[in-house]
Amino acid sequence: MRVPLSWLREYVDLPATETGRDVQAKLISVGLEVETVEQLGDGLKGPLVVGKVLTIEELEGFKKPIRFCTVDVGHANGTGEPQEIVCGARNFAVGDKVVVVLPGAVLPGDFAIAARKTYGKTSHGMICSGDELGMGDDGSHGIIVLPPEHEVGTDAIELLQLVDEVLDIAVTPDRGYALSIRGVARETAIAYGLPLRDPALLDVPQPNAFGYPVQVSDPMGCDRFTARTVTGLDPEARSPLWLTRRLQKAGMRPISLAVDITNYVMLELGQPLHAYDRSRVQGPIGVRRATQGEKLTTLDGTKRTLDAEDLVITDDRGPIGLAGVMGGANTEIDDTEGTTTEVVVEAAHFDALSISRTARRHKLASEASKRFERGVDPQAASAAAQRTVDLLVLLAGGTADAGVTEVIAPSAPHTITIPADHPDKVAGVEYGRETVVRRLQEVGCDVYGQDELIVTVPSWRPDLTDPNDLAEEVIRLEGYENLPSTLPKPPAGRGLTDRQRLHRRIGRALAGAGYVEAPNYPFIGEHVFDQFGLTADDPNRKVVKLVNPLSDEEPALRTTLLPGLLGALRRNDGRGSHDLALFETGLVFHPREELKIAVRLPVDRRPTDEEIASLTEALPVQPRHAAVVLAGAREQAGWWGKGRPADWADAVEAARVLAREAGTELVVRGGQYGPWHPGRCAELAVVVEGVEQVIGYAGELHPRVLKTLGLPARTSAMELDLDVLELASSGVPKGPKISTFPVATQDVALVVDVAVPHAGVEAALREGAGELLESIRLFDVYENAAQLGEGKKSLAYALRFRAGDRTLTVDEASAARDAAVALAGERVGAVLRG
């Protein structure tokens, strides 16, 4: 919102010495974002006067048309003689009044004017255009032709209001009232402690039955509609200079008198208006929702297909305007023909959400929609219509019709109950009841009560809905800079939860193992489940979909971390990084069986445990997962050796790293699931309260999946559920005790069936060896039908035994080994080899 300081002074008696910078500082202190203060006419120096063109001589022989003019500037040149000026513009004629800058003047941009010889003539000054004077866009792009009533020799700097300061305010969505001079003037008056001359305080006639007929069939979309009629307008009347200059300073282009007046009143009061050529409106004006597929050509010349949710203005023919957004071309006031003599003025109040959606649906942002979607004062509609009628009568010689139409849906003012000391508690400052009441009244509220205040919110502040909104008004007007800087005092003894500690340990462990963390957005498209080869009844296919997704291609929340991680791996591989090991820890989302609506938590107190529990029950189930992906070399080749490519075993080892950090045993066995290669997939499980639960999978991805996703060959991955892993955890892992006694190592080679997994053999050996077993390691796998028999394999283990209080004897170590082998033979049919 651009606010000329000269316009602002009409409603607030600012001290004469106050500059735009001073006003900027004051408005910023009360919460408005004044981005810049533009100095109009900065460096401008006269003489700059009104002149009358006496003669025009066309100069021939040049590449472009050149005119040699004599202009009467009165006694501004010191002689009273006509001023000789060379000019290339052609939009003026003999007898026109123009703006002339004389030698010795300086135009904006430090452009000094002097007599100079050009095109064979000496030019003593310039005939000026609006661009040369920094006036902005007036739509003509040529020489300024003034109305004939202005006297020759008049100072044009004052006449055209060329010197001014303009505040450029970035209006936030909750402060729609600041999109008007009236709203900014109110804030300025509060900041300076001065009275406000409210331009909306006008004498408005009562509605009667003689006004233009209006039918509102959707009172929820349009709760107020005022219509006034002005007849006998002079079709040749043009906007006066003061009006066009104010529009230009505010950033709007003058168009025609009727349109300029509606724009001027909109800027002044914040109420968008629309003027219809009465001769082009057929029948009563109506307000309704559009019929799906209806057509409307708007003022910008675009033919639009309407949606059933669009609110439209109609007559007997159908839609004649998009309500609150843009009028239709079929009732436009056509200034080019100069035939409009009767105007119907519309001042209405529309539903903010409806206008916002219509503007976005049709990609048609306008000055009107920008105001309606932020909230317009419904009580200002009749005053804005009256102001428009008054200006049309004053400037176009019209006559106000006696008929006044007002269609109003019943509504009650919004009332908020607030403790008088509530702002004190929010800010931590003792304001006192008197200050709170005074500040709320300055905003425009009606306040009653003592310890408990009953506050009626003004109609121009729809953003004030809760006690905290009122507290914010008091705090900002008292000055944010006056709030004390105090640090919060957290209760003692609080630290990270067990879940947070495990999360951090896992991140450090994976980073220490050579993985790089790669966080991803939690959004996926359901097509990824087909790419992963998940079955139709797989639980991961049940997703939580977003109402307003960032991308239509990814409208759901993830149920697995792998799509994001594999996408990151693919991008990095495509950019030349082929040796990759990435990890991510994060939430996945699963819908609940029963959908519940979330409660709105209070903001004036801490929610109760029941309210928090109710909110949690309405949220999706959100377990935390950890995942890794690998491709390329796991160990680099060099002078030290050949290196080693990453494979399925590295993915399984990553899962074991996580289990060690959780202090639990991980059960690893062959499995088959989704995107993993059926012969190189490990199923990961843990025991929780005596029950074994599968928490994830690890291994090499299926070649079909790799081809579909464009991933490197032999890419491996692992994903598991950290929350279930935590349930199986024994708490924070304890550091091992270092024994001073020597270790006793016993090697065993066991022959088992090929189908017997190593994990089963190891579990039996571990249990049979008892407490003396310190560690067990598989160091060899051997298959030879000639030596071992058909369908057999040999697994060789190194068993390390140690006691914490003595040196083990050979007999003790051998007995523990024999017990381990015996239990393995009993459990899995293992036979000691050789």
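Coordinates for the structure precede this section.
Scope of this entry: the structure provided in the associated data block. These numbers were taken from a predicted model, which means no experiment stands behind them. (Residues numbered from 1 in each chain as written. Predicted model: local features only at pLDDT ≥ 70, side-chain atom pairs only at ≥ 80, totals over all residues. Heavy atoms only, no water.)

### Some points on the overall build of the protein
Here is step 1 of the chain: Secondary structure assignment for the protein yields 22 helices and 42 strands.
Here is step 2 of the chain: Expected size for 834 residues packed as a compact globule is a radius of gyration near 28 Å; at 41 Å, the protein overshoots this value by more than 25%.
Here is step 3 of the chain: Taken along its principal axes, the extent of the C-alpha atoms in the protein is 130 × 80 × 60 Å.
Here is step 4 of the chain: Pairs at least 24 residues apart make up 70% of the contacts formed inside the protein by residues separated by at least 6 positions.
Here is step 5 of the chain: Carbon and sulfur atoms form 51% of the exposed surface of the protein, whose accessible area is close to 41300 Å².
Here is step 6 of the chain: Taking the 89 positively charged and 120 negatively charged side chains of the protein as two groups, their mean positions are separated by 5 Å. (Helix = DSSP H or I, 4+ residues; strand = E, 2+ residues; numbered from the N terminus. Rg over C-alpha atoms; globule rule 2.2 N^0.38 Å. Contact = heavy atoms within 4.5 Å. Areas by Shrake-Rupley, 256 points an atom, 1.4 Å probe, with all protein chains shown as cover. Lys, Arg positive; Asp, Glu negative; His and termini not counted. Charge placed at Lys NZ, Arg CZ, Asp CG, Glu CD.)

### Considering the sheet that holds strand β42 (residues 831-832)
Here is step 1 of the chain: Spatially, the four strands line up as an open sheet ordered β40-β41-β39-β42, and their pairing is antiparallel. The sheet is open, and its two borders are formed by β40 (773-782) and β42, each paired with just one other strand.
Here is step 2 of the chain: Two strands pair when backbone bridges link them, and β40 and strand β41 (residues 792-801) are joined in this way by eight bridges, in the antiparallel orientation. When the bridges of β41 are listed, D780 appears paired with A796. (Pairing = 2+ DSSP bridges.)

### Quick notes on the pattern of salt bridges
Here is step 1 of the chain: Enumeration according to the criterion identifies 59 salt bridges in this entry.
Here is step 2 of the chain: For R246, the salt bridge goes to E10, with nearest N and O atoms at 2.2 Å. Of this pair, R246 sits in helix α5 (residues 241-249) while E10 is found in the loop between α1 (5-8) and α2 (20-29), placing the two residues 236 residues apart along the sequence.
Here is step 3 of the chain: You can call R246 buried: its relative accessible area is 9%.
Here is step 4 of the chain: On the basis of relative accessibility, which here comes to 38%, the residue E10 falls in the partly exposed class. (Salt bridge = Lys/Arg side-chain N within 4 Å of Asp/Glu carboxyl O. Buried < 20%, exposed > 50% of the residue type's maximum accessible area, 1.4 Å probe, protein only.)

### Let's talk about the pairing of strand β5 (residues 83-87)
Here is step 1 of the chain: In terms of burial, β5 is largely enclosed, as four of its five residues are buried.
Here is step 2 of the chain: Sheet analysis places strand β4 (residues 66-72) next to β5, joined by five bridges and oriented antiparallel. Among the inter-strand pairings, F68 is bridged to a residue of β5, identified as V86.

### Some thoughts on the packing of helix α13 (residues 498-512) against helix α17 (residues 648-662)
Each pair of packed helices can be described by the angle between their axes along with the distance between the axes.
Here is step 1 of the chain: Where α13 contacts α17, the axes come no closer than 9 Å and their chain directions differ by 140 degrees. When the axis of α13 is compared with that of α17, the two are oblique. Relative to α17, α13 is oriented so that their crossing is right-handed. Counted together, L502, R505, I506, A509 and L510 of α13 and A654, V657, L658, E661 and A662 of α17 form the full contact between these two elements.
Here is step 2 of the chain: Taken together, the residues of the contact of α13 with α17 break down into eight nonpolar, no polar and two charged. (Axes fitted to C-alpha atoms, helices over the stretch in contact; angles between N-to-C directions. Parallel < 35°, antiparallel > 145°, perpendicular 65-115°, else oblique. Left-handed = near helix turned anticlockwise from the far one by under 90°. Nonpolar A, V, L, I, M, F, W, Y, C, P; charged D, E, K, R; others polar.)

### Thoughts on the sheet that holds strand β17 (residues 285-289)
Here is step 1 of the chain: Spatial ordering of the open sheet is given by β14-β17-β20-β21-β22, a layout of five strands whose pairing is mixed. The open sheet is flanked by β14 (214-216) and β22 (326-327), the only strands paired with a single partner.
Here is step 2 of the chain: Sheet topology places β17 next to strand β20 (residues 311-315); four bridges connect them, and they run antiparallel. By the bridge assignment, V287 is partnered in β20 with I313.

### Remarks on the side chain of H422
Here is step 1 of the chain: Considering the arrangement of structural elements, one finds H422 in helix α10 (residues 422-427).
Here is step 2 of the chain: Apart from residues no more than four positions distant in its own chain, H422 is found in contact with P467, N468, A471 and D604.

### Structural notes on helix α4 (residues 181-192)
Here is step 1 of the chain: A rise of 1.5 Å per residue sets the reference length of α4, with its 12 residues, at 16 Å; its end C-alpha atoms lie 16 Å apart and thus fit the reference within 8%.
Here is step 2 of the chain: Among the residues of α4, I181, R182, G183, V184, A185, R186, E187, T188, A189, I190, A191 and Y192 are the ones counted as buried.
Here is step 3 of the chain: Positive backbone phi, at 70 degrees, marks G193, one or two positions downstream of α4. (Expected span 1.5 Å × (residues − 1).)

### Quick notes on the environment of D538
Here is step 1 of the chain: Inspection of the secondary structure puts D538 in the loop between α14 (527-532) and β30 (556-557).
Here is step 2 of the chain: Residues D538 and A556 lie 18 residues apart in sequence; the distance between their C-alpha atoms is 16 Å.
Here is step 3 of the chain: Within the structure, D538 has its side chain in polar contact with the side chain of Y673 (distance 2.9 Å). (Polar contact = N/O pair within 3.5 Å; in protein donor to acceptor, adjacent residues only side chain to side chain.)

### Description of unusual backbone geometry
Here is step 1 of the chain: Even without a glycine there, the phi angle at Y119 is positive, about 55 degrees.
Here is step 2 of the chain: Checked against the element boundaries, Y119 lands in the loop between β9 (116-118) and β10 (121-123).
Here is step 3 of the chain: Although it is not a glycine, R714 adopts a positive phi angle of roughly 60 degrees.
Here is step 4 of the chain: The residue R714 is located in the loop between α18 (703-709) and β38 (716-721) in this model.

### Quick word on α13
Here is step 1 of the chain: The terminal C-alpha atoms of α13, which comprises 15 residues, lie 21 Å apart, in line with the 21 Å expected from a rise of 1.5 Å per residue.
Here is step 2 of the chain: If you follow the buried residues of α13, they end up packed against β31 (580-587), β32 (624-631), α17 and α19 (722-727).
Here is step 3 of the chain: Looking one or two places after α13, you find G514, whose phi comes out positive at around 100 degrees.

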